[in-house]
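Inside the fold
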Amino acid sequence: MYPKLISLGFAVPNNFVLSQQEVLDRLGYTSRMARRIFERSGIDKRHFALDPVGLSWQELREANPPLALHLSLKAVEACFDGRWSGSDLGALFFCSVTDYNTPALGYFIGRALGVGEETEFLNIEGQGCQSSLPALRRACDYFQLHQRPALVVNTELGSTTFYPSSEEDLENVLTNALFADGSAAVLVGMDDDPSHPAIVDFLSLYSPEHLEILGYTWRDGRLKCRLDRSIASVVPPLIADAVRRLLSRHNLSPEDIAHWAIHPGGPAILTGVEDQLGLTREQTWASWETLRLFGNCSSATLAMVAKRVQKSITSPQGYAVGVTVGAGGACEVCLLRWEPTTTPR
């Protein structure tokens, strides 16, 4: 029996909810190129835990832990939905590319949830936007070995890694046009609910020749996001290759997939993936809508897309695919299936 995706929940901060025009104004961008980048982002508004403009790196890092913990617990609350508690968990896996603290935030989430002293923890840092699926894979491994529920939490406060620069730095303008704050929680386990899909398989595609195209670098004592201009042309074929490799293991093709949850890295990436896999906007709608309403929340975004897909399903059946891509151009793909049910005669 495959482990199942039991529940999804996410939370975004309401401290600062800004339209793209309001972000432009706050950053003081006035050039035609900066405005064009923001207007073509596919985003209407974004949520931020704090206003980072004018804050030092020290101030941003000190602000991160309490804000991230609060948001994480809101996401877990949405995931648990009053039906589960920390005492039900056997493992807790925390992921972030914007949380650089020791002890890692996962331990503090566990303490706040009241998990048991034998709870297994794993804290994944530095994998970027794609870390949600490697963590989900570890949660499935844990469940298959111990038969106890495992929780995955992804929390990203991109606002606490803000890098100040002029609008001539178009790479940084694009970063400031896309990323936002959010947290997501996913519960893995087993139950008899036919609406909860089985987690069937995973595939990771490592691309060493592209390690420098996406991630963080250090600049002037701060983290600075690296978004190479080649991303829009390099990433979609990598994603398509990863998807086809995974589907081929199960004698499937993209035409066999009923639901898609694709990490919305940006409009160019989404459009490229559609072209590479022959998908229509009707099939990728949840990714576009999540991008429009929340922006790119890094590793938390896939579960936000998946939640939107889940809520739209009226008759759960067939297959679903989840796709993430992140630091170094690495791709992760997950295959889910709703188990067929039989109606007694």
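Residues numbered from 1 in each chain as written. Predicted model: local features only at pLDDT ≥ 70, side-chain atom pairs only at ≥ 80, totals over all residues. Heavy atoms only, no water.

**Some words on the nonpolar core**
- By size, the foremost hydrophobic cluster in this structure holds 48 residues, and its most contacted members are Phe93, Leu136 and Ile199.
- No other element matches the 7 residues that helix α5 (residues 132–146) contributes to this core.
- Among residues more than four places away in sequence, those in contact with Leu136 are Val152, Val186, Val188, Ile199, Phe202 and Cys334.
- Counting 39 residues, the second-largest nonpolar core is a separate cluster that includes Leu203, Ile257, Val273 and Val321. (Core = buried A, V, L, I, M, F, W, Y, C linked by side-chain atoms within 4.5 Å. Buried < 20%, exposed > 50% of the residue type's maximum accessible area, 1.4 Å probe, protein only. Helix = DSSP H or I, 4+ residues; strand = E, 2+ residues; numbered from the N terminus. Contact = heavy atoms within 4.5 Å.)

**A short note on the packing of helix α3 (residues 57–80) against helix α4 (residues 105–113)**
- Across the interface, α3 lies against α4 with an axial gap of 10 Å and an inter-helix angle of 55°. What the angle tells us is that α3 and α4 run oblique. Judged by the sense of rotation from one axis to the other, the crossing of α3 with α4 is right-handed. Seen from α3, the contacting residues are Pro65, Ala68, Leu69, Ser72, Leu73, Val76 and Phe80; seen from α4, they are Leu105, Phe108, Ile109, Ala112 and Leu113.
- Taken together, the residues that form the contact of α3 with α4 break down as 11 nonpolar, 1 polar and no charged. (Axes fitted to C-alpha atoms, helices over the stretch in contact; angles between N-to-C directions. Parallel < 35°, antiparallel > 145°, perpendicular 65-115°, else oblique. Left-handed = near helix turned anticlockwise from the far one by under 90°. Nonpolar A, V, L, I, M, F, W, Y, C, P; charged D, E, K, R; others polar.)

**Some remarks on the pattern of salt bridges**
- Counted by the stated rule, this structure contains 15 salt bridges.
- Put simply, Arg83 and Asp81 hold a salt bridge, and the shortest N to O gap is 3.5 Å.
- Close ionic contact of Glu289 with Arg292 constitutes a salt bridge, the shortest N to O distance being 2.7 Å. Highlighted residues: Glu289 and Arg292, both in helix α9 (residues 285–294), separated by 3 residues, approximately one helical turn.
- Overall, Glu289 belongs to the partly exposed group, its relative accessible area being 24%.
- On the basis of relative accessibility, which here comes to 29%, the residue Arg292 falls in the partly exposed class.
- Through salt bridges with shared partners, one network takes in Asp169, Glu171, Lys224, Arg226 and Asp228. (Salt bridge = Lys/Arg side-chain N within 4 Å of Asp/Glu carboxyl O.)

**Observations regarding the packing of aromatic side chains**
- Inspection of the entire model under this criterion finds 4 aromatic pairs.
- Summarising the aromatic geometry, the rings of Tyr29 and Phe38 are spaced 6.0 Å apart at their centres and angled 75° between planes, so their arrangement reads as edge-to-face. Each of the two residues, Tyr29 as well as Phe38, counts as buried.
- Aromatic side chains Trp57 and Trp218 sit 5.9 Å apart centroid to centroid with 80° between the ring planes, which places their arrangement in the edge-to-face category. Taken together, the positions of Trp57 in helix α3 and Trp218 in strand β9 (residues 214–219) put the pair 161 residues apart, joining distant regions of the chain.
- The ring centre of Trp288 lies 3.9 Å from the NZ or CZ of Arg281, which sits over that ring. (Phe/Tyr/Trp six-rings, centres within 6.5 Å; stacked < 30°, edge-to-face > 60°. Lys NZ or Arg CZ within 6 Å of the ring centre and 35° of its normal.)

**Details of the pairing of strand β8 (residues 198–205)**
- Counting buried positions over the 8 residues of β8 gives 7, a clear majority of the element.
- The sheet contact formed by β8 and strand β13 (residues 331–338) spans 7 bridges and is antiparallel. Paired with Phe202 across the bridge in β13 is Cys334. (Pairing = 2+ DSSP bridges.)

**Regarding unusual backbone geometry**
- Look at the link from Thr102 to Pro103: it is a cis peptide, with omega at 0°.
- Inspection of the secondary structure assignment puts Pro103 in the loop between β4 (91–96) and α4.
- Phi is positive for Asp81, close to 50°, though the residue is something other than glycine.
- Within the secondary structure, Asp81 sits in the loop between α3 and β4.
- For Gln147, which is not glycine, the phi torsion reads 55° and is therefore positive.
- The topology assignment puts Gln147 in the loop between α5 and β6 (150–157).
- What makes Gln147 exposed here is its relative accessible area of 53%.

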